Amino acid sequence: MRRMYLLGIPVGALVLTAVWADTGRRPPVLELGALTEVAEPGEELAGGATTVTDTGRNSFGRSLMNMDHARWPDFHASKKVFSRDWDDTRTGPVIVGPLFSAASCMTCHVKDGRGRPPASPKETPVSLVFQLGAPEGRGPHPVYGEQLDSHAVEGRTAEGHVEVSYEEVRGEFATGESYTLLRPSYRFKDLSRGSLGDGTPFSPRVAPANFGLGLLEAIPEETLRALADPDDANHDGISGRQNQVLDVVDGQTKPGRYGWKANQPSLRQQIAHALVADMGLTSEVYAKEQGHEDGAATGPEVTPEDLERLVFYMRLVAPPKRRDWETPPVLRGKAVFRAIGCSGCHVATAFETGTVPGFPELSGQKIYPYTDLLLHDLGEGLADGRPDGLATGQEWRTPPLWGLGLQDAVNGHTRFLHDGRARNAEEAVLWHGGEAAAAQERYVRLRREDREALLAFLKSL
Ligand code: HEC
Ligand code: HEC
């Protein structure tokens, strides 16, 4: 069972030692007082012995630190498939499409890092995709399929484009300073086969960073199941549950791990799905393209070897080491993170990975990804209204927070959340609602020093 600790005391038995400071009509400032602020041995090694020490602009694309040198040639050959532009004759035959969102994995997972929403309404989204649902009920859109394809091969027309604009939303901290958030809205345009239809659910999703995924795959199933608390038996207001999704190879329903809604059960299926849904490339896993049969491939286009190379590559890209983890503000921030309930979902203790056949590097590692990989209702503000497996329109998988502080160095931006609406980590926190509303409210009530400490901690990840 999951148990939440506040100020080091299980919440059920909490005797609140905090002192309320009176600030008039605003909610009272939360004085957390003294907290235990110590570094755990090894916590800076987010991925255990796999952790890379590079903190520069290529720090998300490095191989596991403990990788056997004999794997180098394979790692490089695999990286080439990941960065291959499938619409460029110089890298091989053009088999991308006919309709697609981008022609290489790297276009969206820029430098193995994260995508972003467009910088202005004029710019077309590239690494922000729009997954579509059926106007009534479940399943893909009857005409446009699972995802709007913003590109097409020569002689074909793209399915459409989306204009993204933002409205400012204001809020205030308990200490009196104000903040603004950006609420996105979307306009579908240039639709090649007519309107999407009233009430069509859609899910805007930014490409997440791609390191450390082999380690996440190696967290034992029982560990995650033990963290789930679907009926909130411990009454902490947080009821994580596993998504259950179809394994298209054996037809079984399995717990989901990847994607913003934990909508894919394994790295292999996630990657095969990326090939077909993002790039119009069929494989032995998905041999048929969806939603645009006209001119679509009828058999696997990507060779089994290339698919396995991509899976191999994704397993072997490492998470980066933390910075400044021993400084007083960061240690204070870590304590605040736990005290206000962030760790109820972004698990702040280490996981131990299981044994991965053929990958001793990934086995038995002590890792700190800061996620439970479970689904949580984050409230209406972040809802996409599009169910995915068991996930409702308000549920999202807790994203890992490791590497968060290096995103700016790698990708040149600090956009966060599934649709990239948050301009920095603080805005991401301020958007939390639903099961995370209590943690968000506590954040809003923190003293400024504690907010800054929490942000310094996030930056150190
Ligand atoms: C058009 C942009 C785009 C392209 C091209 C693309 N991806 Fe993705 N990728 C995404 C988005 C968006 C998600 C989140 C999907 C979801 O939530 O369903 C994602 C998710 C993933 C994930 C899961 C990550 C996680 O943390 O759960 C992996 C792995 C992945 N992609 C690998 C690849 C590989 C390999 C390729 C090339 C074969 C590729 N992607 C091509 C946009 C893209
Ligand atoms: C109830 C579970 C839950 C709690 C509690 C919670 N989070 Fe989250 N967090 C999530 C989920 C789910 C998302 C993804 C939401 C989305 O993308 O729409 C998220 C996203 C984030 C992100 C953006 C990550 C990214 O990759 O874009 C940050 C940063 C973050 N949380 C920090 C915090 C902090 C700090 C706290 C404590 C104040 C906190 N969270 C409390 C579940 C939680």
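Here the structure is a predicted model, which is why all the values come from computation and not from measurement. (Residues numbered from 1 in each chain as written. Chains lettered and ligands numbered in written order. Predicted model: local features only at pLDDT ≥ 70, side-chain atom pairs only at ≥ 80, totals over all residues. Heavy atoms only, no water.)

A.B. asks: Sorry if this is basic, but what is going on with the coordination of the iron atom of ligand 1 here?
C.D. replies: Six octahedral donors around a metal ideally subtend angles of 90 or 180 degrees, whereas four tetrahedral donors ideally subtend 109.5 degrees. Coordination of the iron atom of ligand 1 by the protein involves just one donor, His-109 (NE2), at a distance of 2.0 Å. Checked against the element boundaries, His-109 lands in the loop between helix H2 (105-108) and strand E6 (128-132). (Donors = N, O, S within 2.8 Å, 3.2 Å for Na, K, Ca; no water. Helix = DSSP H or I, 4+ residues; strand = E, 2+ residues; numbered from the N terminus.)

A.B. asks: Any chance you could explain the site of ligand 2 here in plain terms?
C.D. replies: Taken together, 28 residues surround ligand 2, and among them Cys-342, Cys-345, His-346, His-418 and His-432 come closest. Contact between ligand 2 and Arg-114: an oxygen atom at 2.8 Å from a side-chain N or O atom of the residue. Between a nitrogen atom of ligand 2 and a side-chain N or O atom of His-346, the distance comes to 2.9 Å. When atoms are counted within 2 Å of each cavity's grid points, the one that captures over half of ligand 2 is the second largest cavity. (Near = heavy atom within 4 Å. Polar contact = N/O pair within 3.5 Å; in protein donor to acceptor, adjacent residues only side chain to side chain. 1 Å grid on protein atoms, 1.4 Å probe; cavity = no way out; pocket = protein on both sides within 12 Å on 5 of 7 lines; lining within 4 Å. Sits in = over half its atoms within 2 Å of the grid points.)

A.B. asks: Sorry if this is basic, but what is going on with the site of ligand 1 here?
C.D. replies: With respect to spatial proximity, 29 residues lie near ligand 1, and among them Cys-105, Cys-108, His-109, Gly-259 and Asn-263 are the closest. Trp-260 places a main-chain nitrogen or oxygen 2.8 Å from an oxygen atom of ligand 1. If you map ligand 1 onto the pockets, it falls in the largest cavity. For the shell around ligand 1, the elements supplying multiple residues, two or more each, are H2, E6, strand E10 (202-206), helix H5 (267-279) and helix H6 (304-316). At 7 residues, H5 tops the list of elements feeding residues into the shell around ligand 1.

A.B. asks: Help me understand the packing of aromatic side chains, please; the structure alone is not making it clear to me.
C.D. replies: Geometry of an aromatic ring pair is reported as the spacing of the ring centres plus the angle between the planes. Per the stated rule, a full pass over the model turns up 16 aromatic pairs. On the numbers, 5.8 Å between centres and 75° between planes, the contact of Tyr-370 with Phe-457 is edge-to-face. One end of the pair, Tyr-370, is in the loop between strand E14 (366-367) and strand E15 (375-377); the other, Phe-457, is in helix H11 (residues 448-460), with 87 residues separating them in the sequence. Assigned by exposure class, Tyr-370 and Phe-457 land together as buried. One aromatic cluster in this structure is built from Trp-72, Phe-75, Phe-82 and Tyr-313. A cation sits over an aromatic face here: Arg-84 above Trp-86, 3.8 Å from the ring centre. Over the face of the ring belonging to Trp-431 we find Arg-421, whose NZ or CZ atom lies 4.3 Å from the ring centre. (Phe/Tyr/Trp six-rings, centres within 6.5 Å; stacked < 30°, edge-to-face > 60°. Buried < 20%, exposed > 50% of the residue type's maximum accessible area, 1.4 Å probe, protein only. Lys NZ or Arg CZ within 6 Å of the ring centre and 35° of its normal.)

A.B. asks: Teacher, can you tell me more about the coordination of the iron atom of ligand 2 here?
C.D. replies: Protein-derived ligands of the iron atom of ligand 2 are His-346 (NE2) and His-432 (NE2), with the metal-ligand distances lying across 2.0 to 2.1 Å. Each of the 6 donor atoms bound to the iron atom of ligand 2 contributes to angles spanning 89 to 179°, and the resulting shape is octahedral. Note that His-346 is positioned in the loop between helix H7 (328-339) and strand E13 (351-352) and His-432 in the loop between helix H9 (425-430) and helix H10 (437-445), a separation of 86 residues in sequence. Relative accessible area serves as the criterion here: at 22%, His-432 is assigned to the partly exposed category. (Tetrahedral: all angles 85-135°; square planar, octahedral: opposite > 155°, others 65-115°.)

A.B. asks: Would you take a moment to explain the UniProt feature "domain: Cytochrome c" (unreviewed entry) in the protein chain for this structure?
C.D. replies: The UniProt feature table records "domain: Cytochrome c" (unreviewed entry) at residues 87-318 and 328-461. This span, residues 328-461, is 34% helix and 7% strand, and a straight line between its end C-alpha atoms measures 15 Å. (UniProt positions renumbered as here; feature names shortened; annotations may be inferred.)

A.B. asks: What is the right way to look at a nonpolar patch on the surface in this model?
C.D. replies: A surface patch of nonpolar side chains, about 250 Å² in accessible area, is lined by Leu-246, Val-248 and Val-249. Tracing the chain through its elements places Val-249 in the loop between strand E11 (244-246) and strand E12 (253-255). (Patch = residues over 30% accessible without salt bridge, like charges linked within 9 Å, V, L, I, M, F, W, Y side chains within 5 Å. Areas by Shrake-Rupley, 256 points an atom, 1.4 Å probe, with all protein chains shown as cover. Salt bridge = Lys/Arg side-chain N within 4 Å of Asp/Glu carboxyl O.)

A.B. asks: What's the story with the pattern of salt bridges in this structure? I'm lost.
C.D. replies: Any two side chains of opposite charge can pair, given that their charged atoms come close. Summed over all chains, the structure comprises 34 salt bridges. With its nearest N and O atoms 2.9 Å apart, the salt bridge here joins Arg-205 to Asp-388. Placement of Arg-205 in strand E10 and of Asp-388 in the loop between E15 and strand E16 (395-397) is noted, with a sequence separation of 183 residues between them. Between Asp-306 and Arg-309 there is a salt bridge, and its shortest N-O distance comes to 2.8 Å.

A.B. asks: I tried to follow the side chain of Arg-71 on my own but got confused; where do I start?
C.D. replies: Inspection of the secondary structure assignment puts Arg-71 in the loop between strand E4 (29-31) and helix H1 (72-83). Using a relative accessible area of 18% as the deciding quantity, one classes Arg-71 as buried. The contact partners of Arg-71, leaving out residues within four places of it in the chain, are Phe-312, Leu-316, Gly-358, Phe-359, Pro-360 and Glu-361. (Contact = heavy atoms within 4.5 Å.)

A.B. asks: I would appreciate a short explanation of unusual backbone geometry in the present structure.
C.D. replies: One can expect most non-glycine residues to show negative phi and most peptide bonds to be in trans. The amide bond that connects Gly-97 to the next residue, Pro-98, takes the cis arrangement and shows omega of 15°. Looking at the secondary structure, you find Pro-98 in the loop between H1 and strand E5 (99-100). The backbone phi angle of Ala-262 is positive, close to 50°, even though this residue is not glycine. As for its position among the elements, Ala-262 is in the loop between E12 and H5. Using a relative accessible area of 0% as the deciding quantity, one classes Ala-262 as buried.

A.B. asks: Is there a simple way to think about the confidence of the model for the protein chain in this case?
C.D. replies: Detailed reading of the predicted coordinates is not advisable wherever pLDDT falls low. Across the protein chain, pLDDT averages 92, with 93% of residues at or above 70. The low-confidence segment residues 1-23, where pLDDT is below 50, has 51 contacts with residues more than four positions distant or belonging to other chains. (pLDDT = per-residue confidence, 0-100.)

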